[in-house]
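Fold and contact review
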Amino acid sequence: METRYTLGVAGVIEALLLVALVAVIISTIQLVYIPDIMEQKEADHMDDVENQFSDLKATIDLQIILQRDVPISSTITLGSKELPYFVTARTIGEIEIIGNTSSRIETDFISNIPLTSIKYQAINAYYIDQAYILEGGGVILKQYNGETMKIDPVLSFQNMTNEIRINWVIPQFVTVVGKNYTEGYKTTYIRTNYTSETTYEGQTSFIKIYTNYLNAWNSSLNRIFDEAVRNGYINIYKNPTSNPEYVYITPGSKNIYVTFTVARIGAQIGPGAVLS
């Protein structure tokens, strides 16, 4: 009887030790490895969103070029689910079509070309929060430590004898309440269609770009106009210097002639008849 009792106690202790070992292993995985796995998962998701915004921009550019009123849906993955069997958090994302905004372009001959945008904001649990913004034809990445223009807008210039001729195609998003915002972790759809366009052109003594992303626009424009800026043909900088409010483009040794093509793009989030 005593031998059986001893064996029984030993078996119970062995089982408890195995349970404790499994608990230690699971705890180690939960505390050490799972955060790294989830951080990588959220980083991969942000890469997916960048690619999806690139595709969205390409779709809109193609619609403007073709000038065809054909609705096209582009996918955006808002977030990602938690890992099963472990304590993890779900990634949530928000996407909004921003039509009423103070962001705009001003020149001598037109006082307000609205810079509407499509903005995605990630609310990550492990990776840094990031936002992707399609504004003025460019795709901007913004995070806590700065911002950059990931894809430049559809903007080109010609270096003429006495002037710099700028051509800029600007998508202007038109949406309706109830179809301009969503949030969650699943995949959503942005439906866009070309409706019409208006051209504004003329010689100007300045171009002011009011935006929430001054650094991104300033760096992008200086990169696009690198030759013209380096040779002093035009000037591009944030103004006023002490507390910048806009990106300023002014003539240098050459005049500026600019052509804006403002293309109206009906846009909505989710299913339904797209705005015409």
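Residues numbered from 1 in each chain as written. Predicted model: local features only at pLDDT ≥ 70, side-chain atom pairs only at ≥ 80, totals over all residues. Heavy atoms only, no water.

**Looking at the overall build of the protein chain**
Put simply, the rule reads: Only DSSP runs of H or I covering at least 4 residues are called helices, and only runs of E covering at least 2 are called strands; the numbering of each starts at the N terminus. Each residue is placed in one exposure class: buried if its accessible area under a 1.4 Å probe, protein chains only, is under 20% of its type's maximum, exposed if it is over 50%, and partly exposed if it falls in between. Whether two residues are in contact is decided by their heavy atoms, any of which lying within 4.5 Å being enough. Exposure was quantified through the Shrake-Rupley algorithm and a 1.4 Å probe, taking into account, for residues, occlusion by the shown protein chains and nothing else.
A count of helices and strands for the protein chain gives 3 helices and 16 strands. Of all 276 residues assigned to the protein chain, the portion counted as buried reaches 42%. Across the protein chain, contacts joining residues at least 24 apart in sequence account for 71% of those joining residues at least 6 apart. With an accessible surface of roughly 14300 Å², the protein chain has 53% of that area assigned to carbon and sulfur atoms.

**Focus on the nonpolar core**
Applicable threshold: Remark: nonpolar core denotes a set of buried residues (Ala, Val, Leu, Ile, Met, Phe, Trp, Tyr, Cys) joined through side-chain atoms within 4.5 Å.
With 32 residues, the main nonpolar core has Ile105, Ile207, Ile209, Leu221 and Phe260 as its most contacted residues. Elements with a minimum of two residues in this core: strand S6 (130-135), strand S10 (163-174), strand S13 (207-210), helix H2 (214-224), strand S14 (234-239), strand S15 (246-251) and strand S16 (255-269). Per-element tally for this core: the top contributor is H2, with 5 residues. Discounting residues that sit within four places of it in the chain, Ile207 has contacts with Ile105, Glu106, Thr107, Ile166, Val247, Tyr248, Ile249, Ile256, Val258 and Phe260. In terms of nonpolar packing, the next biggest core, distinct from the first, is built from 24 residues, Ile95, Ile97, Ala122 and Tyr132 among them.

**Thoughts on the pattern of salt bridges**
Side chains carrying opposite charge are able to pair once their charged atoms draw close together. Put simply, the rule is: We define a salt bridge as a side-chain nitrogen of Lys or Arg found within 4 Å of a carboxyl oxygen belonging to Asp or Glu.
Taken as a whole and judged by the stated rule, the model has 7 salt bridges. We note a salt bridge from Arg104 to Glu106, for which the minimum N-O separation is 2.9 Å. Residue classification places Glu106 among the buried residues on the basis of a relative accessible area of 17%. Between Lys142 and Glu147 there is a salt bridge, and its shortest N-O distance comes to 3.3 Å. With a relative accessible area of 18%, Glu147 lands in the buried category.

**Digging into the sheet that holds strand S1 (residues 72-77)**
Our working rule: For two strands to count as paired, DSSP must find a minimum of two bridges between them. Where helices are involved, their axes are fitted lines through C-alpha atoms of the stretch in contact, as for all axes, and angles between N-to-C directions lie from 0 to 180°.
Across the sheet, 5 strands lie side by side as S1-S12-S16-S10-S9; this open sheet has mixed pairing. What marks the edges here is a single partner per strand, and that holds for S1 and strand S9 (155-159). Sheet twist, expressed as the average angle between the axes of neighbouring strands with direction ignored, equals 30°. Note that S10 and S16 share 12 bridges and pair parallel. Looking at the pairing, Ile166 lines up with Val258 of S16.

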